[in-house]
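Working through the structure, step by step
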Amino acid sequence: MTTLPTTARTDAINLSTDLAQAGTVYNDATRLLDGGLWNTPADANNQPAFLGMHTTDITAVLDDVTAALANPNGVTVSGNAFTLADADTAVLQQVQGQLQTLLTQAPLSIGTGADAAAAQQMLHTTQMDILNEINGDAALATALGANPFPTGTGANNVGFQALPTGSDAADALAAATAPNATLAQIGTVYNAAADLAIGGLNQNNLTQFNTDMQAISTGLTNLVNNPTALAAIEAGEAPADAALTTLHLQTVLGQINLQINDFDAKYATDPNAAARSTNDNLLDMIDIVQNDAALNMAAGGNGTPASVGGFAEMPAYLDNGNGMPGTITQFQDDQPQTNFWAQFLAEANVINNQLTNVAAGNNATAMELASLITEIQNYQQFGASFDQAQGGTFGARFDNELLGGTLQADTNAAVHGLRDHERRYRRGSGGRPG
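Please read all numbers here as calculations on a predicted model, not as lab measurements.

This part covers the pattern of salt bridges. Under the criterion given, the structure shown has seven salt bridges. The salt bridge partner of Asp-262 is Lys-266, with a shortest N-O separation of 3.7 Å. One end of the pair, Asp-262, and the other, Lys-266, are both in helix α11 (residues 239-266), four residues apart, so they sit about a helical turn from each other. Among the residues examined, Asp-262 registers a relative accessible area of 19% and is labelled buried. Through salt bridges that share partners, Arg-276, Asp-280, Arg-397 and Glu-401 make up one connected network.

What follows is the structure, given as structure tokens:
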């Protein structure tokens, strides 16, 4: 009888001889590794450090594999009995040793020295090897692939979900930076960069990663400045939806540039913040593309989140059993942060009402538009300044929204629209501002 694995963290890490269940926990561990592990602070604002969660996951998977090898007649995959052939047993025995390697290397991987870089590379190689060996065993891969299950990303996973397919070979980089590069070509390089970041970024792989990010930035810049290409992506969308798709692309571009200009450099000075920031940033960009149907299809998908095409979904986190975050918990504000968000939202509502009023043809003199532009710019600076002043876990969690991503793209779009409106007003009034 088929029984899909639970994705509820509190249950998923319990002992099991079901290999799909073990693979679900392994997926969580893989996602935690994107950008690298961090351990300081151990828990801040309800944000537990990734090191402890990763080792908890890997310990659970190791216990499951050990139990399966000790009781081969009790092995199942998605609730269905699975007979271990000699080849399957050999793979699991190899995985058993590799899981122990992950547990040994994980605590050594945090830092800026050569030893930490070597541990990060070992994490990357070992994590990937386990995925390749499980998915390279035809019997195991077939059994795991027979019963995909839904996840919190919106994409279906299987146990020991393979990483997205990408490339940052010379021809892929050239295609992504060509003037008429498609989102799928750009996304191929993005997949390669996200895969490369598994285990962490350091002096040995940051140059390659940064080359990928630069290519993606060039490709997205060309795309957002190409009205013909945008129109092709947004064909069939209502005007408001098309504008939102453009805004999503601009947001991703801002986050790519934030990665290049900020997070990458932090690996040399603050590897804990760099790892947390990069993880949130890389996964957030994937979610933006995957959950915008037009961008999803332009990147090579079918309109719904999946692990195919460019900007493809990584293996998913576990949840709390109700579709809410389980591994990555909700940020718990302190009082100054609560006060900030209250003011931030209140001012956003005021500005939104003013923009709606202008769109209706009211309060649209040159002086009023100039005043509103200044207000929007001040609002953007308010969010960015608070985020920078907070730093730490708050910055690692919200930089990509308040510093160089969502807020920046939103305010730039609003100011651009108001300036277009102002130019039309001036032309309509013969150059005489009201």
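Here the narrative resumes, following the displayed structure.
Okay, the packing of helix α15 (residues 366-390) against helix α16 (residues 392-402) next. At a minimum axis distance of 8 Å, the contact between α15 and α16 shows a crossing angle of 155 degrees. By the angle class used here, α15 and α16 are roughly antiparallel. Classified by chirality, the crossing of α16 by α15 is left-handed. Across the interface between the two elements, Gly-383, Ala-384, Phe-386, Asp-387 and Gln-390 of α15 pack against Gly-392, Phe-394, Gly-395, Phe-398, Asp-399 and Leu-402 of α16. Residue composition of the contact of α15 with α16, by class: five nonpolar, four polar and two charged.

Within the secondary structure, Ala-87 sits in helix α4 (residues 86-105). Each C-alpha atom, one on Ala-87 and one on Val-77, is 16 Å from the other, the two residues being 10 residues apart in sequence.

This paragraph deals with the packing of aromatic side chains. Counting across every chain of the model gives 15 aromatic pairs. Ring geometry for Tyr-190 and Phe-311: centres 4.6 Å apart, planes at 25 degrees, overall stacked. Of this pair, Tyr-190 sits in helix α8 (residues 183-196) while Phe-311 sits in the loop between α13 (293-298) and α14 (335-359), and the two are 121 residues apart along the sequence. Of the two residues, Tyr-190 and Phe-311, neither departs from the other in class, the shared state being buried. Among the aromatic residues, ring-to-ring pairing joins Phe-331, Phe-340, Trp-341, Phe-344, Tyr-379, Phe-382, Phe-386, Phe-394 and Phe-398 into one connected group. Directly above the aromatic system of Tyr-317 lies the positively charged group of Arg-31, at a separation of 4.9 Å from the ring centroid.

This brings us to the packing of helix α9 (residues 206-224) against α11. Closest axis-to-axis distance for the α9/α11 pair is 9 Å, and the angle between their directions is 150 degrees. Judged by the angle between their axes, α9 and α11 are roughly antiparallel. For the element pair α9 and α11, the recorded crossing hand is left-handed. Contact residues: α9 offers Leu-206, Phe-209, Asn-210, Met-213, Gln-214, Ile-216, Ser-217, Leu-220, Thr-221, Leu-223 and Val-224, while α11 offers Leu-249, Gln-250, Val-252, Leu-253, Ile-256, Asn-257, Gln-259, Ile-260 and Asp-264. Classifying every residue of the contact of α9 with α11 gives 12 nonpolar, seven polar and one charged.

For Thr-245, the position within the fold is in helix α11. Its relative accessible area of 0% is what places Thr-245 among the buried residues. Excluding residues within four positions of it along the chain, Thr-245 makes contact with Ile-233, Glu-234, Glu-237, Asp-292, Ala-294 and Leu-295.

Looking now at α15. A rise of 1.5 Å per residue sets the reference length of α15, with its 25 residues, at 36 Å; its end C-alpha atoms lie 36 Å apart and thus fit the reference within 8%. Among the residues making up α15, those that are buried are Ala-366, Leu-369, Leu-372, Ile-373, Ile-376, Tyr-379, Gln-380, Gly-383, Ala-384, Phe-386 and Asp-387. Directly after α15, the chain includes Gly-391, whose backbone phi takes a positive value near 55 degrees.

Mapped onto the elements, Thr-153 comes out in the loop between β5 (149-150) and β6 (156-157). The exposure class assigned to Thr-153 is buried, which follows from its relative accessible area of 10%. A polar contact of 3.0 Å, which involves the side chain of Thr-153, links it to the side chain of Thr-151. Within the structure, Thr-153 has its side chain in polar contact with the backbone nitrogen of Ala-155 (distance 3.1 Å). Setting aside residues up to four positions removed in sequence, Thr-153 forms contacts with Arg-31, Asn-291, Pro-305, Glu-313 and Ala-316.

What counts, and where the lines are drawn
Residues numbered from 1 in each chain as written. Predicted model: local features only at pLDDT ≥ 70, side-chain atom pairs only at ≥ 80, totals over all residues. Heavy atoms only, no water. Salt bridge = Lys/Arg side-chain N within 4 Å of Asp/Glu carboxyl O. Helix = DSSP H or I, 4+ residues; strand = E, 2+ residues; numbered from the N terminus. Buried < 20%, exposed > 50% of the residue type's maximum accessible area, 1.4 Å probe, protein only. Axes fitted to C-alpha atoms, helices over the stretch in contact; angles between N-to-C directions. Parallel < 35°, antiparallel > 145°, perpendicular 65-115°, else oblique. Left-handed = near helix turned anticlockwise from the far one by under 90°. Contact = heavy atoms within 4.5 Å. Nonpolar A, V, L, I, M, F, W, Y, C, P; charged D, E, K, R; others polar. Phe/Tyr/Trp six-rings, centres within 6.5 Å; stacked < 30°, edge-to-face > 60°. Lys NZ or Arg CZ within 6 Å of the ring centre and 35° of its normal. Expected span 1.5 Å × (residues − 1). Polar contact = N/O pair within 3.5 Å; in protein donor to acceptor, adjacent residues only side chain to side chain.

Shape descriptors only; they carry no functional weight alone.
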